[in-house]
Amino acid sequence: MTVSSSSRAIDETVSSPVLRRGTIGDLEGCNAVIDAAVSTWPLPERVKRLSLPIYRYDAHDLAHLELRVAEEPDGRIVGLGAWEPAAPEDVPQGKQGLLLHGIFVAPDRQRSGIGALLIAAAADAARVAGFDGVLVKAQPSAEGFFKVSGLEPLPVLDADRDYPHRFWLPVR
């Protein structure tokens, strides 16, 4: 069954991927998803090309980040999320949080629930680690996704310090 959502269709017959911890062996597939996802962002091509190295993950990143991948039954990585403890000055006062460093879904699998699975995995990881919530510093074009996913926009209290597109998902 196909359901229309916005200007894209959701095919409910597509199998759901499995979420699992990412490894060094997944980095090539993860970075391919990142490259494909960033290519869809509403930015000038030069900006996308210059910024891609910043978004890609390498083995050093895995020493600091927890990586989850969404993998199809055929082994194809179609989404990923990475997180780490958030800096205390970035989260709401008196709270401790997990920073969702990145969340990416292959363009052909966007709007299929993979992003929601990755948000839920980050929320579960935050809860298990004893954090109060999940912090996201979103791309402006992704704000709608995070709002629909139940995250609350955080106010800018210090324009010189606060990233303007921050969101918070309380987990307790």
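Reading the values: rules and limits
- Within each chain, residue numbers correspond to sequence positions counted from 1 in written order.
- In keeping with the predicted nature of the model, local features appear solely for residues at pLDDT of at least 70, side-chain atom pairs appear and are counted solely at 80 or more, and the whole-chain, interface and lining totals rest on all residues.
- The side-chain values count all of the structure's non-hydrogen atoms but skip hydrogen atoms and water molecules.
- Relative accessibility under 20% of the residue-type maximum defines a buried residue, over 50% an exposed one, and the middle range a partly exposed one, all with a 1.4 Å probe and only protein chains included.
- Helix and strand assignments follow DSSP, with helices taken as H or I runs no shorter than four residues and strands as E runs no shorter than two, numbered in order from the N terminus.
- Note on pairing: DSSP must find at least two bridges between two strands before they are called paired.
- Note on aromatic pairs: the rings of Phe, Tyr and Trp (six-membered ring only in Trp) are paired at centre separations within 6.5 Å, and the planes decide the class, stacked below 30 degrees, edge-to-face beyond 60, tilted for the rest.
- Throughout, an axis means a line fitted to C-alpha atoms (over the contacting stretch in the case of helices), and angles, computed between N-to-C directions, take values from 0 to 180 degrees.
- Crossing handedness is read from the near helix: turned anticlockwise from the far helix by less than a right angle, it gives a left-handed crossing, and turned clockwise, a right-handed one.
- Two residues qualify as a contact provided that any one of their heavy atoms is within 4.5 Å of a heavy atom in the partner residue.
- For this scheme, ten residues count as nonpolar: Ala, Val, Leu, Ile, Met, Phe, Trp, Tyr, Cys and Pro. Four count as charged, namely Asp, Glu, Lys and Arg, and the remainder, Gly too, count as polar.
- The arc in question is the one traced by the directions running from the helix axis out to the C-beta atoms.

Student: Quick question: what am I supposed to make of the pairing of strand S9 (residues 166-170) here?
Tutor: A regular strand places its side chains so that they alternate between the two faces of the sheet. In terms of residue burial, S9 counts as a mostly covered element, since four of its five residues are buried. In terms of strand pairing, strand S7 (residues 133-137) meets S9 through five bridges, oriented antiparallel. Residue pairing across strands places Lys137 opposite Arg166, the latter belonging to S9. Of the strand pairs in this sheet, strand S8 (residues 152-153) and S9 are connected by two bridges, and their pairing is antiparallel. Looking across to S9, one finds that Glu152 is bridged to Trp168.

Student: Any chance you could explain the packing of aromatic side chains here in plain terms?
Tutor: Aromatic rings in a pair are described by how distant their centres are and how their planes are angled relative to each other. Counted under the stated rule, the structure contains five aromatic pairs. Each ring, one from Trp41 and one from Phe104, has its centre 6.4 Å from the other, and the planes form 15°; the classification is stacked. Linking Trp41 in the loop between helix H1 (27-38) and helix H2 (45-55) with Phe104 in strand S6 (residues 97-105), this pair joins segments that are 63 residues apart in sequence. In this structure Trp41 comes out as buried when scored by relative accessible area, which is 14%. Taken together, the aromatic side chains of Trp41, Tyr55 and Phe104 make up a single cluster linked through ring pairs.

Student: Explanation requested: the packing of H1 against H2 in the structure shown.
Tutor: Packed helices, taken two at a time, are described by their axes: the angle between them and the distance between them. Axis separation between H1 and H2 bottoms out at 10 Å; the angle between their running directions is 150°. H2 is crossed by H1, and the crossing has right-handed handedness. Counted together, Ile34, Asp35 and Val38 of H1 and Lys48, Leu52 and Tyr55 of H2 form the full contact between these two elements. When the residues that make up the contact of H1 with H2 are grouped by side-chain class, the tally is four nonpolar, no polar and two charged.

Student: Please explain H2 as it appears in this structure.
Tutor: Quick reminder: α-helices carry 3.6 residues per turn. Residues three or four places apart thus point the same way. Within H2, the full set of buried residues consists of Lys48, Ser51 and Leu52. Axial view of H2: buried residues confined to an arc of 135°, hence all on one face. In H2, those exposed residues whose orientation departs by more than 90 degrees from the buried face are Arg46, Arg49, Pro53 and Ile54.

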